[in-house]
Amino acid sequence: MPMIKYLVVILEPAAASFCYYDVKPVPSSGLMPLELLRRVVDHAIRNGLHINFVHGDSPLPEEYVRLVESADHISIMPPGQNPCAGGTVLVIDDHRLEDAPALAENPCANIILRVGRDRLRQLSGMVRQLMGKFGRLNIILKDLAQFEEPELQICREQMVVIGKRVAAEYRKGNFIEISTLTDRIFLTNMNNCGAGVEHLTVAPDGRYYLCPAFYHEGPEHSLGAFGETPRLENSRLLELDYAPICRNCDAYHCKRCIYLNRKLTGEVNTPSRQQCRIAHLERDQSRQLLAALPSAIDGSEKIVPIPELDYSDPFEMLTRRDIDGGAKDRHFASLLSRPLEAVPASQLLLQIYQLDPGLLAKLKQMTPFALDLKPKK
Amino acid sequence: MVNQNIAKAPSVWMKSAAKTVTFMVTEDCQLRCHYCYLVGKNAHTRMDFEVARQAIDYLVENRDLFPEQAIVWDFIGGEPLLEIGLIDRICAYIEYKQRQQEHPWAESYRFSLTSNGILYDKPAVQQFVAKNRDHLSIGITIDGTPEKHDLHRVYPSGKGSYADTARNIPLWLAQFPGASTKVTVASDDLPHVADSVLHLFALGIRHVSINVVFEDVWREGDERIFEKQLLELADRIIDGTLYAEHTCSFFSEHIGQPVQDNHNWCGTGRMLTVDCQGHFYPCHRFTPFSLARKEAITIGNCRDGIDFNKLRPFLSLDRFSQSSEACRTCEVASGCAWCQGANYDYADTDTIFQRATYLCNMHKARVRANNYYWYKLKRKLASERCQ
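Residues numbered from 1 in each chain as written. Chains lettered and ligands numbered in written order. Predicted model: local features only at pLDDT ≥ 70, side-chain atom pairs only at ≥ 80, totals over all residues. Heavy atoms only, no water.

1. A few points about the overall build of chain A
Secondary structure assignment for chain A yields 12 helices and 10 strands. Its C-alpha atoms give chain A a radius of gyration of 23 Å, within 12% of the compact-globule value 21 Å for 377 residues. The principal-axis extents of the C-alpha atoms in chain A amount to approximately 85 × 50 × 40 Å. Looking at chain A as a whole, 51% of its 377 residues are labelled buried. (Helix = DSSP H or I, 4+ residues; strand = E, 2+ residues; numbered from the N terminus. Rg over C-alpha atoms; globule rule 2.2 N^0.38 Å. Buried < 20%, exposed > 50% of the residue type's maximum accessible area, 1.4 Å probe, protein only.)

What follows is the structure, given as structure tokens:
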């Protein structure tokens, strides 16, 4: 069983989508039963779990608000809802951007913007419209599963425009975060969704799911009833080590969405071409943004430049026939170890020893030049 | 150990440079072999020529998607020789299409069939053999002694098929002298392993490719019977100097070591199987017809082409991602085989990333007998050199 750190709790069947999935009409409506919510909150508190509550448009009755506020939490909600005490993340769907009540200027706000394929060309305009109203903007391309070359090209053009704006803000000392452009710059390891590894979802039907997307796929995707141990068979496949494409990739900011993986490739540990292409497109725009901002970022001397790649999907590199396996290994090792390049070898070896003393013996076995082979006098 | 006194198994034509495309031309077969993984045999499902033509057009017309230098056009069933007329028509179209497109495959292709051999001497089959002799391989499956063969390879009535297959072996070997046969071993025929391999050698088949089934059929103690059989076989091959002209794939110098690489064992995904309806599969073990517990995994069809997203898991499979800790650190892991289709069929979830390890004890028994075989053979050859 993985080390779950937080629960995503869907407060009503029509609660806002904050990721790639669509909210499907479900027969039952109304809020999660109060008794169930009480048990979930109690479970979270007793197990040291944080909660992300996902709200819909229904206002919460007083007793719900009291329960929600009794736990360490973040509330993910559409604009117009009364923010609860605690962190709030606003979810704005592109078609509701114009209808949303005017958002107050707030340089600390956290916003998720979901953009569909038909509005991709307006993406940079939407970001411009939201400038000054967020400290962090998470962009979700909600139709990613249907993306082909034209959509990727539009994304690239839009990212260039947004990148220029971000660069201008950074030069003014306004270090805003836009997930698709700035996250990769500051990451040195994979930082992905973590569904099933870091978090599980509890839905209004009283069942566990890997994430809200699986709830909307139907109860046959449930991991079992809340209160019982979640059925997580083959859960190792949710971990990075068991994802052959992802563990050879340095698009560290990628969502690695297991729902899209399952839907498009049939396997939770295998990303689709669309996921890899968009992550690498964003990685490349991040690379260019970083290169254009040599000293504008605080602590920039510690930021490792992002290397340019001659492929846009690590799967291409993994399956190339004109490069032998050894050359591929060298490429991926160099790519993934780049953040460690400036660390002295003695420091690295100390860290290896502290992590797994046996690994030092294995390294020595694999590195014969470390032996003194000179004949003894 | 390089030794000119030891025969080598025939090399695979073009090895990994060739794409293998398998047409399942029929779901019918005269036999109902007990260990057969094809669970849905029937007399009514056969491939329509139009389906084959669409698949060939797609493959030959999309060189960028299929850059392999060579191609093996493979035909299986059911029993493919039941559809020899259709196969003949498909092969003629393949040759026409490759030439028409000036495709490099026109100079580098083979046709391949795997058969139970019952119809091998029929005129239509013999005409096909004569016509395609220069680029044709045919494998006939015969399991060993009449006793072992007839234990599993039976007609629906229960009658054994040994006599009907063995009758055609001399003709087959005369036409394909270097041919090898493929033998399958299940639990109840273990006591016949040694006699069966030697029987096949005696029939004139010099190379016997043999494996134990991957499925969950093994019983407590089977590994001891298996090891005893292999030790007896080793003695008889070495004492009879049969190793000079014969090979049996149970004995290999390259098994029984820790594994250093991270490669997948099987070639699923690099191959392509087309079923009677024109659906594409990463190999024939993912067809509905071959799976007992899970739904089929299609990767496209002959009209729309391949869904490359569905192919990505197959092409990125590696040893580490699908193996348990015990398998990853196993000291005798090399040569331990797995079948991706069987893995999927037995997996706890709908994944190809979980190895079925039912043959673990059988592999370890094989490794012990294999160590004995090579130890004894090396000592014998060294002793002969000294004399």
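2. Re the packing of aromatic side chains
The geometry of two aromatic rings is summed up by the distance between their centres and the angle between their planes. All names here are of chain B. As enumerated under the stated definition, the model contains 22 aromatic pairs over all chains in all. Feature note: the residues Phe-23, Trp-73, Phe-75, Trp-105, Tyr-109 and Phe-111 constitute an aromatic cluster, connected by ring pairs. Positioned above the aromatic ring of Trp-13, the side-chain terminus of Arg-110 is 5.9 Å from the ring centre. (Phe/Tyr/Trp six-rings, centres within 6.5 Å; stacked < 30°, edge-to-face > 60°. Lys NZ or Arg CZ within 6 Å of the ring centre and 35° of its normal.)

3. Comments concerning the interface of chain B and chain A
With 22 residues of chain B in contact, the opposing surface of chain A contributes 26 residues. Across the chain B/chain A interface, buried area totals approximately 1900 Å², and carbon plus sulfur atoms make up 45% of it. Contact with chain A buries surface across chain B, with B:Asn309, B:Arg312 and B:Phe353 losing the most and accounting together for 33% of the total. If you look at where chain B meets chain A, you find four salt bridges. Residues B:Arg312 and A:Asp313 are paired through a salt bridge, measuring 2.7 Å at the closest nitrogen-oxygen approach. (Contact = heavy atoms within 4.5 Å. Buried area = accessible area lost by both parts, 1.4 Å probe. Salt bridge = Lys/Arg side-chain N within 4 Å of Asp/Glu carboxyl O.)

4. What about unusual backbone geometry?
Most peptide bonds take the trans form, and the phi angle of most residues other than glycine is negative. The linkage connecting B:Gly77 with the following residue, B:Gly78, adopts the cis geometry, with an omega of 10 degrees. Secondary-structure assignment places B:Gly78 in the loop between β2 (70-76) and α2 (84-100). A positive phi angle, close to 55 degrees, is found at A:Asn234, a residue other than glycine. Mapped onto the elements, A:Asn234 comes out in the loop between β10 (224-225) and α7 (258-265).

5. Concerning the sheet that holds strand β1 (residues 6-10) of chain A
Residues and elements named next belong to chain A. Here we have 10 strands laid out as an open sheet, ordered β7-β6-β5-β4-β3-β2-β1-β8-β9-β10, and mixed in their pairing. Edge positions in the open sheet fall to β7 (177-178) and β10, since each of these has one partner strand only. Where strand β2 (residues 50-54) lies against strand β3 (residues 73-77), four bridges are found, and the strand directions are parallel. Residue pairing in the sheet places Phe-53 in a bridge with Ser-75 of β3. (Pairing = 2+ DSSP bridges.)

6. Side note on helix α13 (residues 360-386) of chain B
Residue and element names in this part refer to chain B. Between its first and last C-alpha, α13 extends 39 Å over 27 residues, near the 39 Å set by a 1.5 Å rise per residue. Within α13, the full set of buried residues consists of Met-362, His-363, Ala-365, Arg-366, Val-367, Ala-369, Asn-370, Tyr-373, Trp-374, Leu-377 and Leu-381. Summarising the contacts, the buried residues of α13 are in contact with β6 (207-212) and α8 (222-239). (Expected span 1.5 Å × (residues − 1).)

7. Thoughts on the pattern of salt bridges
Summed over the entire model, instances satisfying the criterion amount to 46 salt bridges over all chains. One salt bridge connects B:Arg46 with B:Glu83, and the closest N-O pair in it is separated by 2.9 Å. A residue pair is termed long-range when its members are at least 10 positions apart, and B:Arg46 in the loop between β1 (18-24) and α1 (49-61) and B:Glu83 in the loop between β2 and α2 qualify at 37 residues. Of the residues examined, B:Glu83 reaches a relative accessible area of 13% and is grouped as buried. Several salt bridges share partner residues, and in doing so they unite A:Asp22, A:Asp93, A:Asp94, A:Arg114 and A:Lys142 into one network.

8. Some details on helix α9 (residues 308-316) of chain B
Taken together, the buried positions of α9(B) are occupied by B:Asn309, B:Leu311, B:Arg312, B:Pro313, B:Phe314 and B:Ser316. Looking at the buried side of α9(B), the elements it contacts are α7, α8 (273-292) and α9 (314-319) of chain A together with β11 (305-306) of chain B. Near the N-terminus of α9(B), the side chain that reaches the backbone nitrogen of B:Asn309, with its oxygen 3.1 Å away, is that of B:Asp307. (Polar contact = N/O pair within 3.5 Å; in protein donor to acceptor, adjacent residues only side chain to side chain.)

9. Comments concerning the state of the cysteines
Taken as a whole and assessed by the stated rule, the structure comprises zero disulfides over all chains. Here A:Cys276 stays unpaired: no disulfide links it, and the sulfur of A:Cys246, its closest cysteine neighbor, is 6.2 Å away. A:Cys276 sits in the buried class, given a relative accessible area of 6%. Looking at B:Cys276, it has no disulfide partner, and the nearest cysteine sulfur is the one in B:Cys302, 12 Å off. On the accessibility criterion, B:Cys276 (5% relative accessible area) is buried. (Disulfide = S-S within 2.5 Å.)

10. Some thoughts on the confidence of the model for chain B
Overall, the prediction assigns chain B a mean pLDDT of 95, with 99% of residues at 70 or greater. In the model output, the complex is listed with pTM 0.93 alongside ipTM 0.92. (pLDDT = per-residue confidence, 0-100.)

11. Things to note about empty space enclosed by the protein
Residues and elements named next belong to chain A. Applying the stated criterion across every chain yields a total of one cavity of 30 Å³ or more. Cys-246, Cys-249, Cys-254, Pro-271 and Cys-276 are the residues nearest the centre of the largest cavity, which is lined by 13 residues in total. Tallied by class, the residues present in the lining of the largest cavity amount to 10 nonpolar, two polar and one charged. (1 Å grid on protein atoms, 1.4 Å probe; cavity = no way out; pocket = protein on both sides within 12 Å on 5 of 7 lines; lining within 4 Å. Points joined across faces, edges and corners; volume = space filled by probe spheres on them. Nonpolar A, V, L, I, M, F, W, Y, C, P; charged D, E, K, R; others polar.)

12. Notes on the pairing of β1(B)
All names here are of chain B. With six of seven residues buried, β1 lies mostly within the body of the structure. Once the chain exits β1 it traverses α1 before rejoining the sheet at β2, and the crossover so formed is right-handed. For β1 and strand β8 (residues 272-274), the ladder comprises three bridges, and the chain directions are parallel. What sits directly across from Val-21, in β8, is Leu-272. (Right-handed = clockwise from strand over helix to strand, strands pointing away.)

13. Considerations on the nonpolar core
A:Leu7, A:Val9, A:Phe18, A:Leu37, A:Leu130, A:Leu137 and A:Ile178 are the most contacted members of the largest nonpolar core, which has 107 residues in total. Ranked by residue count, the leading element in this core is helix α4 (residues 149-171) of chain A, at eight residues. Apart from the residues within four sequence positions on either side, A:Leu7 is in contact with A:Val40, A:His43, A:Ala44, A:Leu49, A:His50, A:Ile51, A:Asn52, A:Leu200, A:Val202 and A:Tyr208. Grouped together as the second largest cluster of nonpolar side chains are 97 residues, B:Ile205, B:Phe251, B:Leu272 and B:Phe280 included. (Core = buried A, V, L, I, M, F, W, Y, C linked by side-chain atoms within 4.5 Å.)

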